[in-house]
Amino acid sequence: MATELHVKSGDAWRKVSELSVKDGDVWRTIKEAYVKDGDVWRQFYSAAFQFSITIASHTANYNLATALSGLGWDGIDKVEGTVTINSGIAVYSTSTSVYGFRTGTLPVGSVVTLDNNGHIYGKGGAAGSQGASGSAGGTGLRADSAITIDNAGGAISGGGGGAGGGGFGGACTADKFPPSRHGGGGGGGAGYSGGAGGSGLSSACGTSGSGNPGTSSGGGAGGAGVVGSGGYGGNGGTGGGLGAVGGAGATGSHGSGGAGGAAGYAVSGNSNISWTATGTRNGPIT
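Quick caveat: nothing in here was measured; it's all calculated off a predicted structure.

All told, the structure shown has one disulfide when counted by the stated rule. What pairs with Cys172 in a disulfide is Cys205, and their sulfur atoms sit 1.8 Å apart. The disulfide joining Cys172 to Cys205 has a torsion of about -90° about its S-S bond and is therefore left-handed. With Cys172 in the loop between strand S17 (155–157) and strand S18 (202–203) and Cys205 in the loop between S18 and strand S19 (206–207), this pair connects stretches of sequence that are 33 residues apart. A relative accessible area of 28% means that Cys172 is categorised as partly exposed.

The following block contains the structure:
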């Protein structure tokens, strides 16, 4: 579809920045113009907001509609252009309730392309402490509006689910208020912004280990449970890898470990996406 109109002035073709028509005594700006070609009306001019964006540094919580508003888009006109994520660049979320990359709401008829050569990450899910379940990982990319994506040179990953904490190990004395053998904290889910590890707990029996946070390459290891004569706390589970479910905490001598958190979606809003190349996608797609 043509989006620019040129007129010849002398020997030079000059771009028309604005097209208007006179309505009575008033000149009115034309947003779109068509010509009939046989039985088909074909658009030859559009006043859509044109853009070309390159993301060349690591960027958190990217929203295209917000970025376009910052470039002068009025929020009403159609938009046409390309977002390029450079090789080696992470576009990531810092919360499981926010997306690494989101189109935002764009006008129907907009023409938008994402050329991803980097890595779009959802946030890793937080792990549970003793006996508690881990949290789900976040979504990498959300398409609220129509977009074409070339992911041949890149990756899109949901955050890993946080792991469950290890099970309770029971009391280590027969006193009225006995100290406990605690389970270890689970490991955080994978993500460029990895999920937090679950906390360890202390008593006179000892201190259980805290889980490690997730990283961009994998889920964190779980912490060790307290072991003593007559009982043991379970070890925390391992956090889920990119787009994977978190591990369950091990059962202690007196309690079950927590469940692992669900895998984060690589992509949501897939019905709005035309894939030129799917490339690497870690996690469910919906």
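Once that is clear, we can look at the sheet that holds strand S16 (residues 147–150). Paired through backbone hydrogen bonds, the strands of a sheet run either parallel or antiparallel to each other. On the basis of which strands lie adjacent, the open sheet formed by five strands has the order S7-S10-S13-S16-S23 and parallel pairing. Bordering the open sheet on either side are strand S7 (49–55) and strand S23 (273–277), each of which pairs with just one other strand. Recorded for the sheet is a direction-independent mean angle of 15° between the axes of neighbouring strands. Pairing of strand S10 (residues 79–85) with strand S13 (residues 111–116), which is carried by six bridges, proceeds in the parallel orientation. Note that in S13 the partner of Thr82 across the bridge is Thr113.

Quick look at the sheet that holds strand S24 (residues 280–282) now. The five strands are arranged S8-S11-S14-S17-S24 in an open sheet whose pairing can be described as parallel. Each having just a single partner strand, strand S8 (59–60) and S24 make up the two edges of the open sheet. Pairing of strand S11 (residues 90–92) with strand S14 (residues 119–121) involves three bridges; the strand directions are parallel. Residue Ala90 lies in a different strand from S14, and its bridge partner there is His119.

Moving on, we get to the side chain of Ser180. When you line up the elements, Ser180 lands in the loop between S17 and S18. Among all residues touching Ser180, those that are not within four sequence positions of it are Phe168, Gly170, Ala171, Ser203 and Cys205.

Only one face of S16 is buried: it carries Ile147 and Ile149, and the other face, with Thr148 and Asp150, is open. Relative to S16, S13 is paired through three bridges, and the arrangement is parallel. In the sheet register, Thr113 faces S16, and the bridge partner there is Thr148. Pairing analysis gives four bridges linking S16 to S23, with the strands arranged parallel. What sits directly across from Thr148, in S23, is Ser274.

Judged by nonpolar contacts, the single largest core of 27 residues is most densely connected at Phe51, Leu64, Leu68, Phe101, Leu114 and Leu141. At the level of secondary structure, the elements contributing two or more residues to this core comprise S7, helix H1 (64–70), S10, S13 and S16. A total of four residues in this core trace back to one element, the largest contributor, which is S7. Setting aside residues up to four positions removed in sequence, Leu114 forms contacts with Val83, Ile85, Phe101, Ile120, Leu141, Ile147, Thr148, Ile149 and Asp150.

Reading the values: the criteria
- Residues numbered from 1 in each chain as written.
- Predicted model: local features only at pLDDT ≥ 70, side-chain atom pairs only at ≥ 80, totals over all residues.
- Heavy atoms only, no water.
- Disulfide = S-S within 2.5 Å.
- Helix = DSSP H or I, 4+ residues; strand = E, 2+ residues; numbered from the N terminus.
- Buried < 20%, exposed > 50% of the residue type's maximum accessible area, 1.4 Å probe, protein only.
- Pairing = 2+ DSSP bridges.
- Axes fitted to C-alpha atoms, helices over the stretch in contact; angles between N-to-C directions.
- Contact = heavy atoms within 4.5 Å.
- Core = buried A, V, L, I, M, F, W, Y, C linked by side-chain atoms within 4.5 Å.

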